[in-house]
Amino acid sequence: FYTFQSISYIIDINKKKIKPYNFLDLLFYISFFPQIIAGPIVRAKNFFQNYESTVQIKKKRFKKALLLIFWGYFLKVSVADNLAIYVDKVYGSPNSFNSVSILFSSIFYSFQIYADFFAYSLIAIGICKFVNIDIPSNFNKPYFSKSIIDFWRRWHISLSSFLRDYLYIPLGGNRNGSFAAYRNILITMIIGGIWHGSGVNFIFWGLGHGTLIVLSKIIKIKFK
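Calculation notes
- Residues numbered from 1 in each chain as written.
- Predicted model: local features only at pLDDT ≥ 70, side-chain atom pairs only at ≥ 80, totals over all residues.
- Heavy atoms only, no water.
- Helix = DSSP H or I, 4+ residues; strand = E, 2+ residues; numbered from the N terminus.
- Buried < 20%, exposed > 50% of the residue type's maximum accessible area, 1.4 Å probe, protein only.
- Contact = heavy atoms within 4.5 Å.
- Phe/Tyr/Trp six-rings, centres within 6.5 Å; stacked < 30°, edge-to-face > 60°.
- Patch = residues over 30% accessible without salt bridge, like charges linked within 9 Å, V, L, I, M, F, W, Y side chains within 5 Å.
- Areas by Shrake-Rupley, 256 points an atom, 1.4 Å probe, with all protein chains shown as cover.
- Salt bridge = Lys/Arg side-chain N within 4 Å of Asp/Glu carboxyl O.
- Lys, Arg positive; Asp, Glu negative; His and termini not counted.
- Charge placed at Lys NZ, Arg CZ, Asp CG, Glu CD.
- Core = buried A, V, L, I, M, F, W, Y, C linked by side-chain atoms within 4.5 Å.
- Axes fitted to C-alpha atoms, helices over the stretch in contact; angles between N-to-C directions.
- Parallel < 35°, antiparallel > 145°, perpendicular 65-115°, else oblique.
- Left-handed = near helix turned anticlockwise from the far one by under 90°.
- Nonpolar A, V, L, I, M, F, W, Y, C, P; charged D, E, K, R; others polar.

**Focus: the overall build of the chain**
Scanning the chain from terminus to terminus reveals nine helices and zero strands. In the chain, the succession of helices and strands from N to C terminus is α-α-α-α-α-α-α-α-α. Here the C-alpha coordinates of the chain stretch approximately 55 × 50 × 35 Å along the principal axes. Relative to its 224 residues, the chain shows a buried fraction of 43%. Of the contacts made within the chain by residues no fewer than 6 positions apart, 62% connect residues no fewer than 24 positions apart.

Spelled out as structure tokens, the structure:
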């Protein structure tokens, strides 16, 4: 995450979207601890909006910050960690369980990973509010999405927007026709998959999501 923030900082300066900051300010931005491990990815322009008043603790933000942090801890400890007990047991030895158990463990895992990741984001956002820094929401009811395209607008929003702005659009986006756009989507999602991990399964994960996005766009065009 801090690598992505560093990349966005360099590119935004190169494109003259932001001014260069001094070394201590840059160090504070890159090493800011609440979201350094699990996001959200924060753009320098947004991060430095309230930078001058970060030492101020505002009462009206204090309550909201606490609610976000407690809600995040609830999702992590009460939901994600308890679902993990069942999921880990089944995934650890799938041959010992029937198909119904495996199906339920897969459903539980989808909620486990969402609650786990959403929890980290909420805690990070809450901690930032304590010091008067607003970082963007990272999830927006992703399991209520109407399509795979809509899903990626709602799931890990800061990563999706980063891949769009710093990879998909520089590759050409959809400016050179449908075929080029579909190719750029596949490249973007494959690289997004590789970022998640170094195994071959992550390449297939990125390729799978990229293929679904392309098919979704084709279907939308062909069948209004």
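**A closer look at the packing of aromatic side chains**
Across all of its chains, the model carries 27 aromatic pairs by this definition. Taken together, a centroid distance of 4.9 Å and an interplanar angle of 35 degrees make the contact between Phe162 and Tyr166 tilted. Within this pair, Phe162 and its partner Tyr166 are both found in helix α7 (residues 157-171), separated by four residues, close to a single helical turn. By relative accessible area, Phe162 is classed as buried at 6%. What makes Tyr166 buried here is its relative accessible area of 11%. Through a chain of ring-to-ring contacts, the aromatic side chains of Phe111, Tyr114, Phe117, Phe118, Phe139, Tyr143, Phe151, Trp152, Trp155 and Trp205 assemble into a single cluster.

**A look at a positive patch on the surface**
Taken together, the side chains of Lys15, Lys17, Lys45 and Arg175 define a basic patch exposed on the protein surface. Looking at where Lys45 falls in the secondary structure, it is placed in helix α3 (residues 44-47).

**Thoughts on the pattern of salt bridges**
Using the criterion set out here, one finds seven salt bridges in the structure. Across the pair Asp134 and Arg61 runs a salt bridge whose closest N-O atoms are separated by 2.9 Å. In this pair, Asp134 sits in the loop between α5 (99-130) and α6 (148-154) while Arg61 sits in helix α4 (residues 59-92), placing the two residues 73 residues apart along the sequence. You can call Arg61 buried: its relative accessible area is 14%. One connected set of salt bridges, linked through shared partners, spans Arg43, Arg164 and Asp165.

**What about the nonpolar core?**
If you look at the biggest cluster of nonpolar residues, it comprises 45 residues, and the most contacted ones within it are Tyr29, Phe47, Ile135, Trp152, Ile185 and Ile213. By residue number, the principal contributor to this core is α5, which donates nine residues. For Tyr29, the contacting residues outside a window of four places in its chain are Gln5, Ser8, Tyr9, Val42, Arg43, Ala44, Phe47 and Phe48.

**Structural notes on the environment of Ser99**
Here Ser99 shows up in helix α5. Judged by relative accessible area, Ser99 falls into the exposed class, the value being 59%. Separated by 81 residues in the primary sequence, Ser99 and Ile18 have C-alpha atoms spaced 54 Å apart.

**Remarks on unusual backbone geometry**
Residue Lys16 is not a glycine yet carries a positive backbone phi of 60 degrees. Mapped onto the elements of the fold, Lys16 is located in the loop between α1 (2-14) and α2 (23-31). Phi is positive for Lys141, which is not a glycine, with a value near 50 degrees.

**Some remarks on the packing of α7 against helix α8 (residues 178-196)**
Packing of α7 against α8 leaves a shortest axis separation of 10 Å and a crossing angle of 135 degrees. Overall, the two elements α7 and α8 adopt an arrangement that is oblique. Of the two possible hands of crossing, α7 and α8 adopt the one that is right-handed. Residues Leu159, Leu163, Leu167, Tyr168 and Leu171 of α7 touch α8, and the partners they reach there are Ala181, Arg183, Asn184, Ile185, Ile187, Thr188, Ile191, Gly192, Trp195 and His196. A class-by-class count of the residues in the contact of α7 with α8 yields ten nonpolar, four polar and one charged.

**Things to note about the environment of Ile13**
Secondary-structure assignment places Ile13 in helix α1. A sequence separation of 31 residues divides Ile13 from Ala44, and the C-alpha atoms of the two residues are 9.9 Å apart. If near-sequence neighbours (up to four positions away) are discounted, Ile13 is found in contact with Ile18, Lys19 and Pro20.

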